[in-house]
Amino acid sequence: MQTHKYDVVIVGAGGAGMRAALESADRTRTAVLTKLYPTRSHTGAAQGGMCAALANVEEDNWEWHTFDTVKGGDYLVDQDAAEVMCKEAIDAVLDLEKMGLPFNRTPEGRIDQRRFGGHTRNHGEAAVRRSCFAADRTGHMILQTLYQNCVKRGVEFFNEFYVLDLVMNEGRTAGVVAYELATGEIHVFQAKSVVFASGGFGKVFKTTSNAHTLTGDGMGIVWRKGLPLEDMEFFQFHPTGLAGLGILLSEAARGEGGILRNSEGERFMERYAPTIKDLAPRDMVARAMSTEVREGRGCGPDKDYVLLDLTHLPPEVIDAKLPDITEFARTYLGVEPYTEPVPVFPTAHYAMGGIPTNIEAEVLRDDIHVVPGLYAAGEVACVSVHGANRLGTNSLLDINVFGRRAGIAAAEYALKAGWVELPEAPEAATVQLLEGLRSGEGGERTAAIRKELQDTMDLNAQVYRTEATLKQAENDISVLKQRYANVTVQDKGQRYNTDLLEAVELGFLLDLAEVLVVSAKARNESRGGHFREDYPTRDDVNFMRHTMAYRSVDADGTPGVHLDYKPVISTRYQPMERKY
Ligand SMILES: Cc1cc2nc3c(=O)[nH]c(=O)nc-3n(C[C@H](O)[C@H](O)[C@H](O)COP(=O)(O)OP(=O)(O)OC[C@H]3O[C@@H](n4cnc5c(N)ncnc54)[C@H](O)[C@@H]3O)c2cc1C
């Protein structure tokens, strides 16, 4: 075992982690621990854009952006946090520009902007051009730009280090425990501040736009420490995954004029959102698509998808602004988007919920109290700027704004705080977890359990949910958890043991799926990405509140989920009917 000592440890080298590192490394001794090479983080897969009311191509302002974010989130957004994000958006984009990010430009040389779902002019009048972009590779450019700037400033990275535990002492942050993939060695990092920036958990679903690595480790670690998770029932299903595959086709396709059609050739979004049609928020579009399919107007031999029509766009616009995603359609479905519509269907995309924080990115241990020295930012966190449904391009914004804030706050805390003593054998729980898995002889296979988990989640906790389907998912997860106790890892070695780590990751997925389903079952209403067929309307009287899930342990030692709720922070906007 090796030990290290840093003022600040950042877990994750995606957009949020590296944006935090740029702030913290200038001020303190900072280490970034990441299970992937930084440039393989999922931020690099982001396509469509990052929004800010720059007003470069038409009138816009941050207050309209805040309103859209709150309304888009079906009023579950903490409005103070949304105000911070939308105000700081402008500098967040300009900071990236100064770091060298090659944004698409207008003929006059300004940063170009395009339309995205739910972003409107003057509180819903019409779609507005607010999203800054670099073709359909915006996330790739952000990730590369941040990485280059980290390298320039000498940020210390520990690549392919899997953080598996958070070390605390009497309620205060003391460090983390990590597993080095190359050697199988355990490392203890003592730190005054720890920032979780470890991304989402889309791999609980089968059909997902998320990378294989998005297994929610950060949320899982914090959960096992007895800290709460917020609003986990709110998962976003992106309307346009490639049918049958889930690979994402950015909403930018519709921002640039793409149209969704059913088997009758009808532009069906005109019926669901007469004003902004195909650019309605994602929850509404995903549900509309599922409804079309359910009512028999799906396309293809099994009538199980709808079509994204780009054929009216000039090929040069497609090539300049949507080159990657059109190539995906050609490669994976053999469809030529210049001349043929592309089969699409909703795909699990984004976790609105996560580790609760305040606007300084400090992690909360209950409704109001923070955990000293612990921070979270990006998809792993719930600030909550996205409420019940995130607007497109608000996540690349979120990771930059709150990544920066987390880096500053963690560094400032470390500069004034003393060291928290490491408890005796801080690595003990991690060693026990790994040895337990390595020596398991029960014969259950990780891949089989993971597949069954993803199957039940797709079937029972997707775009449409009912008490019965959620109960089914809960039962299935409980059985899978029992089977997981008998999982057998075939690779018993020390070096590059991905078999072992996949088993660890599956443990996190099972925990998080359970929290999602239990939280969803108790929310007897429909709001944003959470749609209950048995309670199809929003219920502000009983459910205008955030879910706070806590890990509980029964008398016999079985862990479970205990739910509590906390109020939504409201500053300027009263909930209204959500029409588009
Ligand atoms: C296909 C796709 C397209 C998207 N397009 C857009 C878009 O156009 N606009 C937009 O706003 N949003 C978009 N999103 C969403 C957005 O990209 C993500 O929400 C955001 O990039 C998440 O950033 P992050 O820094 O929080 O996490 P990530 O970029 O996922 O990074 C997570 C990091 O944590 C590390 N990590 C995880 N677990 C551990 C562990 N146990 N130990 C150590 N390190 C760990 C990983 O190595 C990685 O470096 C898209 C998402 C997808 C999947």
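Quick caveat: nothing in here was measured; it's all calculated off a predicted structure.

Thoughts on the domain arrangement of the chain
Here the chain is partitioned into domain 1 (244-348) and domain 2 (428-537). Using only C-alpha atoms to locate each centre, domain 1 and domain 2 end up separated by 31 Å. The largest contributions to the domain 1 side of the interface with domain 2 come from Asp283, Arg287 and Arg294, which together make up 68% of the buried area. Across the domain 1-domain 2 interface, the total number found is one salt bridge.

Notes on empty space enclosed by the protein
Inspection of the entire model under this criterion finds two cavities of 30 Å³ or more. The volume enclosed by the largest cavity comes to roughly 50 Å³. In terms of lining, the largest cavity is formed by Gln236, Phe237, Asp283, Ala286, Arg287, Val463 and Gly529. Ranked by residues supplied to the lining of the largest cavity, first place goes to helix H8 (residues 282-294) with three residues. The residue inventory of the lining of the largest cavity, partitioned by class, reads three nonpolar, two polar and two charged.

Here we look at the packing of helix H12 (residues 428-439) against helix H15 (residues 498-522)
Relative orientation of the contacting elements H12 and H15 amounts to 115°, with a least axis distance of 10 Å. Put simply, H12 runs roughly perpendicular to H15. Here H12 runs over H15; the crossing is right-handed. In this structure, H12 contributes Leu433, Leu434, Leu437 and Arg438 to the contact, and H15 contributes Leu500, Ala503 and Val504. A class-by-class count of the residues in the contact of H12 with H15 yields six nonpolar, no polar and one charged.

A look at the site of the ligand
In the vicinity of the ligand lie 39 residues, with Ser41, His42, Thr43, Glu379 and Leu396 positioned nearest. A distance of 3.2 Å is found between an oxygen atom of the ligand and a backbone nitrogen or oxygen belonging to Gly15. Gly49 places a polar main-chain atom, nitrogen or oxygen, 2.9 Å from a nitrogen atom of the ligand. Only helix H1 (15-27), strand S2 (30-34), strand S7 (161-169), strand S14 (342-351) and helix H11 (394-416) provide two or more residues apiece to the shell around the ligand. Sort the elements by how many residues they give to the shell around the ligand and H11 lands first, with four residues.

Some thoughts on the UniProt feature "modified residue: Tele-8alpha-FAD histidine" (unreviewed entry) in the chain
Following the UniProt record, the feature "modified residue: Tele-8alpha-FAD histidine" (unreviewed entry) maps to His42 here. Examined against the element boundaries, His42 turns out to sit in the loop between S2 and strand S3 (50-51). Among all residues touching His42, those that are not within four sequence positions of it are Ser209, Asn210, Ala211 and Leu214.

Points about the nonpolar core
Soluble globular proteins: nonpolar side chains tend toward being buried together. By size, the foremost hydrophobic cluster in this structure holds 79 residues, and its most contacted members are Leu33, Phe196 and Met457. Looking at which element gives the most residues to this core, the answer is H15, with 15 residues. In this view, Leu33 contacts Val9, Ile10, Val11, Gly12, Phe158, Phe161, Val163, Val176, Ala178 and Phe189; residues no more than four positions away in its chain are not counted. The next biggest cluster of nonpolar side chains, apart from the first, holds 50 residues, and it includes Ala81, Leu96, Val383 and Phe402.

What about the layout of surface pockets?
As a volume, the second largest pocket reaches approximately 500 Å³. Per-class residue counts for the lining of the second largest pocket are nine nonpolar, five polar and six charged.

Rules used throughout
Residues numbered from 1 in each chain as written. Predicted model: local features only at pLDDT ≥ 70, side-chain atom pairs only at ≥ 80, totals over all residues. Heavy atoms only, no water. Domains from an automatic or database assignment. Buried area = accessible area lost by both parts, 1.4 Å probe. Salt bridge = Lys/Arg side-chain N within 4 Å of Asp/Glu carboxyl O. 1 Å grid on protein atoms, 1.4 Å probe; cavity = no way out; pocket = protein on both sides within 12 Å on 5 of 7 lines; lining within 4 Å. Points joined across faces, edges and corners; volume = space filled by probe spheres on them. Helix = DSSP H or I, 4+ residues; strand = E, 2+ residues; numbered from the N terminus. Nonpolar A, V, L, I, M, F, W, Y, C, P; charged D, E, K, R; others polar. Axes fitted to C-alpha atoms, helices over the stretch in contact; angles between N-to-C directions. Parallel < 35°, antiparallel > 145°, perpendicular 65-115°, else oblique. Left-handed = near helix turned anticlockwise from the far one by under 90°. Contact = heavy atoms within 4.5 Å. Near = heavy atom within 4 Å. Polar contact = N/O pair within 3.5 Å; in protein donor to acceptor, adjacent residues only side chain to side chain. UniProt positions renumbered as here; feature names shortened; annotations may be inferred. Core = buried A, V, L, I, M, F, W, Y, C linked by side-chain atoms within 4.5 Å. Buried < 20%, exposed > 50% of the residue type's maximum accessible area, 1.4 Å probe, protein only.

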